[in-house]
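So you can see what is in the structure, the chains are spelled out below.
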Amino acid sequence: MSDDQAFPPQQQDPPGSTAAMNPVPDHGEESYHGSGRLEGLRALVTGGDSGIGRAVAIAYAREGADVAISYLPEEKQDAEDTASWIERAGRRVMLLPGDLTDRETASSLPQRVVEELGALDVLVNNAGFQMARRSDGIEGITPDELDRVFKTNLYALFWLTQAAVPLMKEGSSIVNCTSIQAYDPSPTLLDYAATKAAINNVTANLATTLGPKGIRVNAVAPGPIWTPLQPATQPVEKIESFGKDTPLGRAGQPAEVAPAFVFLASPSDASYVTGTVIGVTGGKPVF
Ligand code: NAD
Ligand code: MG
């Protein structure tokens, strides 16, 4: 898509599907070349069915990792499409449908990955949910709406990480998905932005406590990226101008975010990198 093109008007119901998007996002299917950066590692990517998670799953597999992906049961088609790319890279894939707002479901995943893939070397806390709040600010957010955002983005990250850390060996790493919203919050994403700021804080704090165990903890902060989350949660007028307010003047593709996740997970490239956030924002500052 050229810089001056707007996205066609479109809306979906959450969690959204890849096939229904126009244009379909680029997850690096035709462009990502691995070079053994994650050879032999075993990764769990939450929300690995679509969007940024799919691009990360494809890149990790092409870098030599076996990849488990978690997703909502209704995202089966997207998950199977991602799985086929992992298999085509010659790596093992594990499919983990389930709702991460349920503590038992989230807590069970790390152990299941170890049982099937043999270890858990990289945990990517990527699953996330937002919903543009259309009208009356903080007063309009219902208890259920607040629960869904905080449980998906923050509680699940805690539950997954609590279960994963005891299973992770020296040299492992955790990569969290935060957002430009942690730095430059939109009033319509009040609750979502709060979870992303908390994820930044948790990332720095965990890097301190897990450093002595040789486990690195980092985050990637995407800016506006063309994924199903957007047409499923933003009003149509936002979609048409999506990403135009960045210095680069356009939205990013999931394929443009995945390399930051590869770098942070790589035990050799990022051996001295922990407690930091890489912005992939099209130029919006993350400092
Ligand atoms: P996406 O919709 O493709 O991926 C989000 C995934 O989260 C879904 O596919 C779904 O599998 C998972 N998920 C949501 N609720 C879940 C639940 N209750 N249980 C299990 N899984 C659940 O969209 P994306 O944009 O690729 O989102 C990935 C991450 O990127 C999210 O954390 C999001 O906040 C973050 N992010 C996205 C953007 C953007 O512009 N797209 C910008 C900044 C940050
Ligand atoms: Mg999805």
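Residues numbered from 1 in each chain as written. Chains lettered and ligands numbered in written order. Predicted model: local features only at pLDDT ≥ 70, side-chain atom pairs only at ≥ 80, totals over all residues. Heavy atoms only, no water.

Caption draft 1: Spatial organisation of helix H4 (residues 143-164). Between the first and last C-alpha of H4 there are 29 Å, a value that for 22 residues agrees with the 32 Å anticipated at 1.5 Å per step. Remark: the principal bend of H4, roughly 50 degrees, maps to Lys151. All buried positions along H4 are accounted for by Val149, Thr152, Asn153, Leu154, Ala156, Leu157, Trp159, Leu160, Thr161, Ala163 and Ala164. Considering only its buried residues, H4 is in contact with strand S1 (42-46), helix H3 (103-117), strand S4 (122-125), strand S5 (173-177) and helix H5 (190-210). (Helix = DSSP H or I, 4+ residues; strand = E, 2+ residues; numbered from the N terminus. Expected span 1.5 Å × (residues − 1). Bend = angle between axes of the 7 residues up to and from the residue. Buried < 20%, exposed > 50% of the residue type's maximum accessible area, 1.4 Å probe, protein only. Contact = heavy atoms within 4.5 Å.)

Caption draft 2: Quick peek at the pattern of salt bridges. On inspection of all chains with the given rule, the structure shows 13 salt bridges. One salt bridge in this structure joins Asp269 and Arg37, with 2.7 Å as the shortest N-O distance. Of this pair, Asp269 sits in the loop between helix H8 (258-265) and strand S7 (277-280) while Arg37 sits in the segment before S1; the two residues are 232 residues apart in sequence, bridging distant segments of the chain. With relative accessibility at 38%, the residue Asp269 sits in the partly exposed group. A salt bridge links Asp191 to Arg133; its shortest N-O distance comes to 2.4 Å. You can see Asp191 sitting in helix H5 and its partner Arg133 sitting in the loop between S4 and H4, a full 58 residues away along the chain. Asp191 sits in the buried class, given a relative accessible area of 3%. Arg133 sits in the buried class, given a relative accessible area of 11%. Each of Glu39, Asp66, Arg91 and Arg92 takes part in a single network of salt bridges with overlapping partners. (Salt bridge = Lys/Arg side-chain N within 4 Å of Asp/Glu carboxyl O.)

Structural measurements only, silent on function.
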